[in-house]
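For reference, the chains in residue letters:
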Amino acid sequence: MSFFSPDQETFLFLQRVYNCPKVRSYSQNIYIPSEFSSMSSQDGPLYLGFDLSTQQLKAIVITSELKVVYEAKTDFDADLSKYGIKKGVHVNEAEREVYAPVAMWLEAVDLVLQRLKEKGTPFQRIQGISGAGQQHGSVYWSKTGEVLLGSLDPKETLVDQLSKTAFAHPFSPNWQDGSTQKECDMFDAELGSAEKLAEVTGSKAHHRFTGPQIMRMHKNHPEVYRATSRITLVSSFLASVFLGKIAPFDISDICGMNLWDIKAGAWSEPLLKLAAGEDGLDSLKQKLGSVREDGGGSMGFISSYFVQRYNFPSSCGIAPFTGDNPSTILALPLRPLDAIVSLGTSTTFLMSTPKYVPDPAYHFFNHPTTAGLYMFMLCYKNGGLAREKIRDALPASSSSPTDSWSTFNKIALETPPLGQASPSTDSAKLGLYFPLPEIVPNVRAGTWRYTCSSNGTDLQESQDWGREADVRAIVESQILSLRLRSQKLVHSPSAGIPPQPGRIYLVGGGSLNPAIARIIGDVLGGAEGVWKLDVGGNACALGGAYKAVWAMERKEGESFEQLIGDRWRESEAVEKVDIGYRGDVWGRYGDVLGTFEEMEGKVLKGEERNK
Ligand code: XUL
């Protein structure tokens, strides 16, 4: 087994970014900055963070000391069903199109601010705003839109003033859209291969990525493309509304477009040309506009619309808004080697890392605040729903009929690792459970079961092994996939401990499940344990609010990790739910990790045959 330790350059870089004892020793983290400790919470500055997600617009107001003081949300289905959406979007099954009405988002902004006002939010104290948008979605602004943004009448709503003429297209293609297969094939081919595209832009081509979406818009609706004066992402759309002019792209969210050359720090001209078709490179360059390298600071003061309508101070700064995943890693002072596992409907795995090792199976983005760091992301389609399917096939528990997970959890914890009561005689069970077509790896929907020996040899396809054995096998298989794909990014956290994450933080619905936490510890390790991040489903909006604090209050050269690390109160935000690394069991999963990859390879080969 090879043990990676950070090279000298990486070590010095990390020391600079994290040069803060409070970050290294979270448990002593009860510091309140002296300049604020004398102020009562009645008069200090406040910061506002947004999350414009698929189904809701959430807003969260915090103090300089990171204390949450007000929260409100607009729920699209509950509050704005007049737009005819379901779960926040329209779906055109025939074309696999998924899109959201931009007017609905504008209406949601006034509604959420109205709700904050009704809760008594002292808008006059808000000194900075930042936030997040669902990634990849694009908004097509007209020339009139740019002008209108800067001259809004505070007596009228945003939607009344902007929805009719400010956009060249009334909808924003959504990240769930699957309509761009042809465009993706052309993107993957343009630089030579999917591997090359991933190397340059951080990801191979994906249906939802903005470049293929713009290309399809240009092809199918050239009149929309030509009437578009500016294109924003969802993050820079929301920032633009608050800024009163089109905001530049954020340096992290831009990596979700398949258009940005990460290493060169510039647009990839061949890819822009491809998307712009016969309208040419310059047409798209103009529509995209500039990119802001700094994730902090202020892009300008808040639009007078909000000053007059809601009483924001005219000195309130607008910091860059970023994507929802980059914003989630800002909900705590995440250190390199620490990982966030988001266990929602789908599974997302996030790490902040100084290493750039792109691969078509995953995503790299620039880190949203810290130059030289990257965000690594794995984004699965199958997660909670796949586990629920296995759960629902089990008999209901008579002892705790109200806890739908009790039978599943009991079986998961009582089943030995890899389903082997005796590792020397029993075969290890490995499965893949994808009720939805998966992207990691890229295979159609299906279930596959294999066995192998404890040392990973003798991989054999297996028959159905019964509902009970599927329980532990599905959780193990989801976590083995995370371990397989993150292994190049981790190094040994301390002498004698093999390469693995430091802390593993769980967020989302599945984070409440003790059996999953335990199996994560067994399979993935976590030298400093498995933790539940307890921020009430608001990690992303909270990350936006923390970003606003850092953006406005940072001292020269002060990193996000230093500033937030100093103010973050661990005991109020996280709870240890498993000890994490246990050498023996972790080693057993290591012995079959290569075989797990071999099994995926076999399934992928079968996929080729089925095409
Ligand atoms: C990430 C992705 C989703 C969206 C919406 O690539 O598509 O996570 O950001 O949450």
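All figures in this text were calculated on a predicted structure; none of them were measured in a lab.

Chemist: Before we go on, may I ask you to explain the UniProt feature "domain: Carbohydrate kinase FGGY C-terminal" (unreviewed entry) in the protein chain in this structure?
Modeler: UniProt records the feature "domain: Carbohydrate kinase FGGY C-terminal" (unreviewed entry) for residues 340-552 in the present numbering. Summarising residues 340-552: 30% helix, 23% strand, and an end-to-end C-alpha distance of 26 Å.

Chemist: For this particular structure, what's the right way to read the packing of helix α18 (residues 406-414) against helix α19 (residues 467-486)?
Modeler: What describes two packed helices is the angle between their axes and the distance between those same axes. Running from N to C, α18 and α19 cross one another at 80 degrees; their axes reach a closest spacing of 8 Å. Taken together, α18 and α19 sit at an angle that is classed as roughly perpendicular. Residues Phe408, Ile411 and Ala412 of α18 lie in contact with α19, whose contacting residues are Glu468, Val471, Arg472, Ile474 and Val475. In terms of residue class, the contact of α18 with α19 is built from six nonpolar, no polar and two charged.

Chemist: What is the right way to read empty space enclosed by the protein from this model?
Modeler: The method is simple in principle: a probe with the dimensions of a water molecule rolls over the atoms, and the space it marks as empty is what remains. Counted by the stated rule, this structure contains five cavities of 30 Å³ or more. Space inside the largest cavity adds up to approximately 110 Å³. Of all the elements in the fold, those that place two or more residues in the lining of the largest cavity are β20 (428-434), α19 and α24 (583-610). Looking at the lining of the largest cavity residue by residue, the classes come out as six nonpolar, five polar and two charged.

Chemist: I tried to follow the sheet that holds strand β23 (residues 446-452) on my own but got confused; where do I start?
Modeler: One key point about sheets: their strands pair by backbone hydrogen bonds, in either a parallel or an antiparallel sense. The three strands lie next to each other as β20-β23-β24, forming an open sheet whose pairing is antiparallel. In this open sheet, the two strands that pair with only one neighbour each are β20 and β24 (460-461). Each of β20 and β23 touches α19; the most contacted strand, β20, lies at about 75 degrees to it.

Chemist: How should the environment of aspartate 51 be read in this particular structure?
Modeler: Along the chain, aspartate 51 turns up in strand β1 (residues 46-52). With 310 residues separating them in the primary sequence, aspartate 51 and alanine 361 have C-alpha atoms 27 Å apart. Residue contacts for aspartate 51: discarding those within four places in its chain leaves Gln56, Leu57, Lys58, Ala132, Asp324, Cys540 and Ala541.

Chemist: So what exactly am I meant to see when it comes to the sheet that holds strand β19 (residues 374-379) here?
Modeler: Strand order in the open sheet made by the seven strands is β18-β19-β17-β16-β25-β26-β27, with mixed pairing throughout. Here the strands that pair on one side only, and so sit at the sheet edges, are β18 (363-366) and β27 (574-578). Taking the axes of each pair of neighbouring strands and ignoring which way they run, one obtains an average angle of 25 degrees across the sheet.

Chemist: What am I meant to see in the packing of helix α5 (residues 102-118) against helix α12 (residues 234-243) here?
Modeler: The contact between α5 and α12 brings their axes to 12 Å, and the two run at 50 degrees. In this view, α5 runs oblique relative to α12, as classed from their interaxial angle. Both α5 and α12 take part in a crossing whose hand is right-handed. Between α5 and α12, the contacting residues are Val102, Trp105, Leu106, Val109 and Leu113 on the first element and Val234, Phe237, Leu238, Val241 and Phe242 on the second. Class assignment for the residues of the contact of α5 with α12 results in ten nonpolar, no polar and no charged.

Chemist: How should I be thinking about the pattern of salt bridges in this particular structure?
Modeler: In a structure, side chains of opposite charge can pair up when their charged atoms sit close to one another. In total, this model carries 31 salt bridges according to the counting rule given. Among the salt bridges present, the one from arginine 216 reaches glutamate 95, with a minimum N-O distance of 3.0 Å. In this pair, arginine 216 sits in helix α10 (residues 210-220) while glutamate 95 sits in the loop between β4 (90-92) and β5 (97-101), placing the two residues 121 residues apart along the sequence. By relative accessible area, glutamate 95 is classed as partly exposed at 43%. Here aspartate 294 makes a salt bridge to arginine 554, at a shortest N to O gap of 2.6 Å. A residue pair is termed long-range when its members are at least 10 positions apart, and aspartate 294 in the loop between β13 (291-292) and α15 (304-310) and arginine 554 in the loop between α21 (539-553) and α22 (560-567) qualify at 260 residues. According to the relative accessible area criterion, aspartate 294 is partly exposed, its value standing at 28%. What you see here is one network of salt bridges that share partners, running through Arg472, Glu476, Arg518, Asp522, Asp578 and Arg582.

Chemist: Hey, could you run me through the state of the cysteines in this one?
Modeler: Tallied over the entire structure, the rule returns zero disulfides. As a non-bridged cysteine, cysteine 379 has cysteine 540 as the owner of its nearest cysteine sulfur, 13 Å distant. Judged by its relative accessible area of 16%, cysteine 379 falls in the buried class. Overall, the relative accessible area of 9% leaves cysteine 540 in the buried class.

Chemist: Mind showing me how you'd approach the site of the ligand here?
Modeler: In the vicinity of the ligand, the residues found are Gln135, His136, Trp175, Arg208, Asp324, Asn325 and Met377. Take histidine 136: an N or O atom from its side chain is 2.6 Å from an oxygen atom of the ligand. Contact distances for the ligand include 3.0 Å between an oxygen atom and a side-chain N or O atom of asparagine 325. Protein burial of the ligand: of its 280 Å² of free accessible surface, 91% is covered by the chains. Residues that form the shell around the ligand fall into these classes: two nonpolar, three polar and two charged.

Chemist: Could you clarify how one ought to interpret the side chain of histidine 363 in this entry?
Modeler: The topology assignment puts histidine 363 in strand β18. Polar contacts involving the side chain of histidine 363 include one to the side chain of arginine 208, which spans 3.2 Å. Non-local contacts of histidine 363, meaning those with residues more than four positions away in its chain, are made with Gly202, Ser203, His206, Arg208, Phe209, Met375, Phe376, Met377 and Cys379.

Chemist: What is the right way to read the UniProt feature "domain: Carbohydrate kinase FGGY N-terminal" (unreviewed entry) in the protein chain from this model?
Modeler: Under the feature "domain: Carbohydrate kinase FGGY N-terminal" (unreviewed entry), the UniProt entry names residues 175-275. From the first C-alpha to the last, residues 175-275 spans 18 Å; its make-up is 51% helix and 10% strand.

Chemist: I'm lost on the nonpolar core in this one. Help?
Modeler: A general tendency of soluble globular proteins is for nonpolar side chains to be buried together. Counting residues in each nonpolar core, the largest one holds 125 residues, and the members touching the most others are Phe187, Leu259, Trp267, Leu284, Leu288, Phe349 and Ile520. Ranked by residue count, the leading element in this core is α19, at nine residues. Beyond its immediate stretch of four places on either side in the chain, leucine 259 contacts Phe187, Thr201, Gly211, Ile214, Trp267, Ser268, Leu271, Leu272 and Leu288. Counting residues in each nonpolar core, the second largest holds 55 residues, with Ala103, Trp105, Ile126 and Val139 among its members.

The rules behind these values
Residues numbered from 1 in each chain as written. Predicted model: local features only at pLDDT ≥ 70, side-chain atom pairs only at ≥ 80, totals over all residues. Heavy atoms only, no water. UniProt positions renumbered as here; feature names shortened; annotations may be inferred. Helix = DSSP H or I, 4+ residues; strand = E, 2+ residues; numbered from the N terminus. Axes fitted to C-alpha atoms, helices over the stretch in contact; angles between N-to-C directions. Parallel < 35°, antiparallel > 145°, perpendicular 65-115°, else oblique. Contact = heavy atoms within 4.5 Å. Nonpolar A, V, L, I, M, F, W, Y, C, P; charged D, E, K, R; others polar. 1 Å grid on protein atoms, 1.4 Å probe; cavity = no way out; pocket = protein on both sides within 12 Å on 5 of 7 lines; lining within 4 Å. Points joined across faces, edges and corners; volume = space filled by probe spheres on them. Pairing = 2+ DSSP bridges. Left-handed = near helix turned anticlockwise from the far one by under 90°. Salt bridge = Lys/Arg side-chain N within 4 Å of Asp/Glu carboxyl O. Buried < 20%, exposed > 50% of the residue type's maximum accessible area, 1.4 Å probe, protein only. Disulfide = S-S within 2.5 Å. Near = heavy atom within 4 Å. Polar contact = N/O pair within 3.5 Å; in protein donor to acceptor, adjacent residues only side chain to side chain. Areas by Shrake-Rupley, 256 points an atom, 1.4 Å probe, with all protein chains shown as cover. Core = buried A, V, L, I, M, F, W, Y, C linked by side-chain atoms within 4.5 Å.

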